[in-house]
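One-letter residues, chain by chain:
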Amino acid sequence: MAARKGRRHTCETGEPMEAESGDTSPEGPAQVYLPGRGPPLREGEELVMDEEAYVLYHRAQTGAPCLSFDIVRDHLGDNRTELPLTLYLCAGTQAESAQSNRLMILRMHNLHGTKPPPSEGSDEEEEEEDEEDEEERKPQLELAMLPHYGGINRVRVSWLGEEPVAGVWSEKGHVEVFALRRLLQVVEDPQALAAFLRDEQAQMKPIFSFAGHMGEGFALDWSPRVPGRLLTGDCQKNIHLWTPTDGGSWHVDQRPFVGHTRSVEDLQWSPTENTVFASCSADASIRIWDIRAAPSKACMLTTATAHDGDVNVISWSRREPFLLSGG
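Quick caveat: nothing in here was measured; it's all calculated off a predicted structure.

### Points about the pairing of strand E17 (residues 249-252)
Where a strand is regular, its side chains alternate between the two sheet faces.
Thought 1: Residues Trp250 and Val252 of E17 are buried on one face, while the alternating residues Ser249 and His251, pointing to the opposite face, are not.
Thought 2: As defined by bridge partners, strand E16 (residues 239-245) adjoins E17 across 4 bridges and the pair is classed as antiparallel. In the sheet register, Thr243 faces E17, and the bridge partner there is His251.
Thought 3: Where E16 folds back on E17, the antiparallel hairpin that results is connected by 3 residues, among which Gly247 adopts a positive phi of roughly 95 degrees.

The following block contains the structure:
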């Protein structure tokens, strides 16, 4: 939720808009900003986050921009709600030079909730206690990185049994799979992290790489039902199926799934059927496929004009037979 500061506005009836933030300025109280409903921002106005609208809010800097990240599922328990919380992320950078890019594991912990504003009657003793409490509530971040040649277009994380892996789409046209176990270990121990960055970081390589796409891409999805099964789609309209093999490797079918006429923007495996997936494209279509058929005949359903233009993202509901798309 954002509040607007700097000027006082009225609604169409001429009555002052109700303020939901206690911040005040010489020109009137802050007001809730509703996109598309309130008047546009005027010169001198700015949007300010209302921290009381969030149970928890933290932010961190990664240096170079990150176009893609994924949450690493941990073993700390499902549906946990007690604060402070811990979070593991995997992200990839898009630095100015190809040599400066990194694949990163971030451990964010000691994440406390947003604090209510101090009461008007708070005394000095309470303020000192608040300062001590503030020190204990500081969020913590550990970061382990791997060098990566080329900007990272997309990162998706999966578990193969007890082994966490990341699928990485590179702007150089390669799709790579990296093992994450060592990175997740060292972010738990400062001494191990220092030794890793000094002795191991530069030597770590992908456990598998595929250069069969005709160019770069962005679409990538691990199957939620068949461990290790992967789909990758490129900007040249091709989709390839990866099948895990014994020994921790993959067989990538060189025959692409045929149907789209422009860039494949996103891929999503069905949450309920092992062999079915959806794709969306810059050709404005959404397609449903079944890998039991030959790649040239695998498209089972097409919505040719799902949007007026590019369809950039899709998400398959885990609970209902619905597919959400954005273009």
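### Things to note about helix H3 (residues 190-200)
Thought 1: Those residues of H3 lying buried are Ala192, Leu193 and Phe196. With its buried residues spanning 100 degrees around the axis, H3 presents them on a single face. Structural note: H3 exposes Pro190, Gln191 and Arg198 on the side pointing more than 90 degrees away from its buried face.
Thought 2: On the buried face of H3, the contacting elements are strand E9 (140-148) and helix H2 (181-186).
Thought 3: For H3, the N-terminal capping position is held by Asp189, with its side-chain oxygen 3.0 Å away from the main-chain nitrogen of Gln191.

### Observations regarding the sheet that holds strand E13 (residues 208-210)
Backbone-to-backbone hydrogen bonds pair the strands of a sheet. The strands run either parallel or antiparallel.
Thought 1: In spatial order, the strands read E10-E11-E12-E13; together these 4 strands make up an open sheet with antiparallel pairing. What marks the edges here is a single partner per strand, and that holds for strand E10 (152-160) and E13. Mean inter-strand twist for the sheet, computed between neighbouring axes without regard to direction, equals 20 degrees.

### Some words on the UniProt feature "repeat: WD" (unreviewed entry) in the protein chain
Thought 1: Under the present numbering, the feature "repeat: WD" (unreviewed entry) in UniProt falls on residues 257-292.
Thought 2: In residues 257-292, helix accounts for 0% and strand for 47%; the two terminal C-alpha atoms are 12 Å from one another.

### Comments concerning the environment of His109
Thought 1: Within the secondary structure, His109 is located in strand E8 (residues 101-111).
Thought 2: His109 sits 29 residues away from Lys138 along the chain, and the two C-alpha atoms are 9.3 Å apart.
Thought 3: Residue contacts for His109: discarding those within four places in its chain leaves Leu85, Thr86, Pro139, Gln140 and Glu142.
Thought 4: Separated by 3.3 Å, the side chains of His109 and Arg107 make a polar contact.

Basis of the calculations
Residues numbered from 1 in each chain as written. Predicted model: local features only at pLDDT ≥ 70, side-chain atom pairs only at ≥ 80, totals over all residues. Heavy atoms only, no water. Buried < 20%, exposed > 50% of the residue type's maximum accessible area, 1.4 Å probe, protein only. Helix = DSSP H or I, 4+ residues; strand = E, 2+ residues; numbered from the N terminus. Pairing = 2+ DSSP bridges. Arc of directions from axis to C-beta. Contact = heavy atoms within 4.5 Å. Polar contact = N/O pair within 3.5 Å; in protein donor to acceptor, adjacent residues only side chain to side chain. Axes fitted to C-alpha atoms, helices over the stretch in contact; angles between N-to-C directions. UniProt positions renumbered as here; feature names shortened; annotations may be inferred.

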